[in-house]
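Fold and geometry: a report
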Amino acid sequence: MTAEKTRLLFAALFACGLTCEFVSAQDFWSTVRVYERLRDGSAEAECRNHANLLVKSIKNATYWAVKMLDSSANFPSGVLEGNVYNLGDFDECLSVDTGHVRGRYCLATLNLLGPASPASKEQQKSRPVHYAHRVPDPYTNAWDQIQNRGERWRFSRDAIKLAVCVPKWCTSLDVQRAMLDVYSTITATMNATLRVEVPEKLCQTKQNFEVSYLDVLFFAVIGILTGTVTAGTILDYGHKKGDLKVCSLWKQILLCWSARKNFMGLSNMEKESDTDLNFLFGIRLFSILLVIACHKVGFTTAGPVKNPSFQEQSFSQLQYMPILHGDLVVDTFFFLAGFLLTVGLLKALRRPISGVKVSVWPLYLFRYLRLTPAYMLTILFYMSVLPKMGSGPLWPVTVVPESEYCRDNWWLNALYLNNYLHVERSCIEQGWYIPCDMHMFVVCAPLVLLVHRRPRIGKALLAALTIVSILAPFLTIWVRDTDAMLLFFLDFLSGSRVHPYFSAVYVKSHVRGSPYLIGVQIGLIYMSRRQTRLSKANSLPLLLIGFAMALATTFSAALFYGNEGAAAASPAARALYGALHRPVWAFALGIIVLAISLGRIGFMRKVLSWKPLVPLSKLSYGAFLVHVVILWYTAGSAREATYNNTFIMILKTMGDTVVTFGVALLLYLSVEAPIRDMAKLALSVRIKMQMDVDGGGGGGGGGEKKGELAMEEMLNSTSEMASNGGVSSSMASNDSGLGSNDPSSAVVNAKHQRPDARSQTDVVLTL
């Protein structure tokens, strides 16, 4: 076969995607022309020599050269519908290695700037505001559909992602110049200009990763955890039930790590069946599932998609508002955190144990110990293993930066300051929630104590803080002129950390406090009314009112998802909506919680407290930490643009959810539950020592027994209250063997509520 016949054959085989309306037949060989420009251009000698060898080998149909050509991409089809990705074949390119020539995969962005059309401008003015009804005129200029003219809801069609496989010695600048020379001649025929970008980080070769000290540290921690859990489980199997009190201290410590004990505590659902707040397990689980679904939609939409027009249309369809306004589910967790903190702490304070005082300092310490180990292990994974888990065309700009952010700013997460400092490079993107929840807990725990001890002062301060928490987002949105809510447009999805609303409003504790404070108020109402029951005639209308308010708040997002909705609203209107929609949502949840807990709505309570939901609900903290790792991996390792619709997104979300909860179970058994029990054991030892000092050993065996019962009762309350905080912490409050699994955060087992459990010793819970 002659070289000319080979050239024509491969032109027919590999030149796909370029339509005859835009290019002529000679441009089917555009990739080879890029190679020729590399050969004849101003690149370094090594690049020119290898490019020359590549061109000659292609003409001779040499296998390795054709592989490089085959793995390169042409213009994608479906650009008018938003398909701007043609990623070629990443793995095929990197597999080229002759010993002399190695393949290098480069992903270029071809920014197209078409001619301005007076006709299209007039048509744009006459278009209806709501883009769902916008049908392009079939006779209009195609550039009017391709170019982004400031419409935030539209995904970019004028930035084509095009892959090319080049010799290793060619730099990104060499590739950029060659592609500009070749493709500018094509765009010139369309009366358009072209700008080519080839970032150095998106030019990749096959790499062999070196083991770093962080990798050694991570796997050392995993090894220690595995060994400790194994030892604790073996000891537990040889341990007689009920002998925990007579075990030596080291055995009690080791038993805290028993996977058998912790798994049984996770799956044990008998204790939850007698409480009025059982249904909160179901609310928590469905909320974390919605969080995963919302994040899945966002990550998928921001990546390579063949039909972003589907997402564009969803912005105008009411059935998608629960996802597009899914950020409200975060306020569900804030509300539950405030509610459960209040209920748990007040139950502990009102328990008839004389001489026992409650201090907030051990609650702070205990809470930090409960949340931080799993949090830090996840961060260590980000710093070490995550960037080495995979590869892909977009891996260097999706996954690798996440690892770099954690290496730079992990200490801010450890100090719970990552939602205020270096937000643009914060470690773990969803990690802003944990410091928010911690900050609110620090403020509200003493506030609840004040309400209990000085009701008038405490309630007045609570009301004042609630008003301030509503004014804070109003003033922030008005002064900074941001959106009223989190809008899932491309400007947010492609760079959430630097988005004005996200960085200035969404992640700040002082701006997000109103649902938490409303949860505290609803908790006070519940505690004052829990001895009485609402009739079915009263509870059902109350439930319907709550649902109506919640639905109205959810679907009100449609006001800002129109073509001009967000921009047309005045700053004052946006500030007012931004200040009120979250507290209204929290208030609606409060009505629902009161209707179910105090009313006679058996169906809702049974559904939300269904036993299989309970253990899954307890894994929510781990699921919150790890689910984004799976999303990053999927986004970074994508080899081609995907087609999406509602059913496909549901299937993808279900798969990610199963993997997420599987990993969350491992995190729970190896870190969350053992650390929780260790902290409780340390508190119990410290309290016993304090009782011995203050009471001289409790006055003999009877006094010691009374002291132990009092201590255990207080620990049950403390351990639960120390982890009430929504996604980030409320699911960490699952005691297995040493405490209660009650979601009310302070309900003590009935067997402990007896007169001989009262201690005359003044036990102050401080370390």
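Reference entry: report on the structure contained in this document. (Residues numbered from 1 in each chain as written. Predicted model: local features only at pLDDT ≥ 70, side-chain atom pairs only at ≥ 80, totals over all residues. Heavy atoms only, no water.)

1. A closer look at the pattern of salt bridges
Two side chains bearing opposite charge may form a pair once their charged atoms approach each other closely. Counting across every chain of the model gives 19 salt bridges. The residue aspartate 91 makes a salt bridge to arginine 639 at a minimum N-O spacing of 2.9 Å. Taken together, the residues span a long stretch of sequence, with aspartate 91 in helix α5 (residues 90–94) and arginine 639 in the loop between α28 (620–636) and α29 (646–695) at a distance of 548 residues. Among the residues examined, aspartate 91 registers a relative accessible area of 41% and is labelled partly exposed. The class of arginine 639 is partly exposed, set by a relative accessible area of 26%. Note that arginine 260 is salt-bridged to aspartate 236, the shortest N-O span being 3.2 Å. (Salt bridge = Lys/Arg side-chain N within 4 Å of Asp/Glu carboxyl O. Helix = DSSP H or I, 4+ residues; strand = E, 2+ residues; numbered from the N terminus. Buried < 20%, exposed > 50% of the residue type's maximum accessible area, 1.4 Å probe, protein only.)

2. Here we look at the nonpolar core
In this structure, Leu280, Phe339, Trp432, Tyr516, Tyr561 and Leu625 are the most contacted members of the largest nonpolar core, which totals 141 residues. The element that contributes the greatest number of residues to this core is helix α15 (residues 328–350), accounting for 15 residues. Membership of the second largest hydrophobic core comes to 55 residues, among which are Tyr35, Tyr85, Met190 and Ala641. (Core = buried A, V, L, I, M, F, W, Y, C linked by side-chain atoms within 4.5 Å.)

3. Quick look at the side chain of threonine 342
Summarising the element assignment, threonine 342 is placed in helix α15. By relative accessible area, which is 0% here, threonine 342 ends up buried. In this structure the side chain of threonine 342 is engaged in a polar contact, spanning 2.9 Å, whose partner is the backbone oxygen of glycine 338. Sequence-distant contacts of threonine 342, that is, excluding residues within four places in its chain, are made with Val448, Val520, Gly523 and Leu524. (Polar contact = N/O pair within 3.5 Å; in protein donor to acceptor, adjacent residues only side chain to side chain. Contact = heavy atoms within 4.5 Å.)

4. Focus on the packing of aromatic side chains
A complete count under the given rule lists 26 aromatic pairs for this structure. Three or more aromatic residues link up through ring pairs in this structure, and these residues are Phe334, Trp432, Tyr433, Phe488, Phe492, Tyr501, Phe502, Tyr506 and Phe624. Across from the ring centre of phenylalanine 281, 5.8 Å away, lies the NZ or CZ of arginine 284, which sits over that ring. Seen from the ring of tyrosine 506, arginine 512 lies directly overhead, with NZ or CZ sitting 4.5 Å from the centre. (Phe/Tyr/Trp six-rings, centres within 6.5 Å; stacked < 30°, edge-to-face > 60°. Lys NZ or Arg CZ within 6 Å of the ring centre and 35° of its normal.)

5. A few points about a nonpolar patch on the surface
Among the surface-exposed residues, Trp410, Trp411, Leu415, Leu417, Tyr420 and Leu421 lie close enough to one another that they form a single nonpolar patch of about 570 Å² accessible area. Within the secondary structure layout, tryptophan 410 lies in helix α17 (residues 395–414). (Patch = residues over 30% accessible without salt bridge, like charges linked within 9 Å, V, L, I, M, F, W, Y side chains within 5 Å. Areas by Shrake-Rupley, 256 points an atom, 1.4 Å probe, with all protein chains shown as cover.)

6. Considerations on helix α2 (residues 30–40)
Within an α-helix, residues lying three or four positions from one another point in the same direction, as the helix has 3.6 residues per turn. Most of α2 is tucked away, with 8 of its 11 residues classed as buried. Among all positions of α2, only Ser30, Thr31, Val32, Arg33, Val34, Tyr35, Glu36 and Leu38 are buried. Buried positions along α2 lie against α3 (45–59), α4 (63–71), β3 (159–167) and α8 (172–188).

7. A few points about the state of the cysteines
Covalently bonding the sulfur atom of one cysteine to the sulfur atom of another cysteine gives a disulfide. Considering all chains together, one arrives at 4 disulfides under this definition. The partner cysteine of cysteine 47 in its disulfide is cysteine 170, sulfur to sulfur 2.0 Å. In this structure the cystine formed by cysteine 47 and cysteine 170 twists about its S-S bond by roughly 95°; its chirality is therefore right-handed. Of this pair, cysteine 47 sits in helix α3 while cysteine 170 sits in the loop between β3 and α8, and the two are 123 residues apart along the sequence. Here cysteine 47 falls in the buried class, since its relative accessible area comes to 0%. There is a disulfide in this structure between cysteine 406 and cysteine 427, and the S-S distance comes to 2.0 Å. The S-S bond linking cysteine 406 to cysteine 427 shows a torsion near 85°; that makes this disulfide right-handed. Remark: cysteine 427 occurs in the loop between α17 and α18 (433–453) and cysteine 406 occurs in helix α17; sequence separation between them is 21 residues. The exposure class of cysteine 406 is buried, given its relative accessible area of 0%. (Disulfide = S-S within 2.5 Å.)

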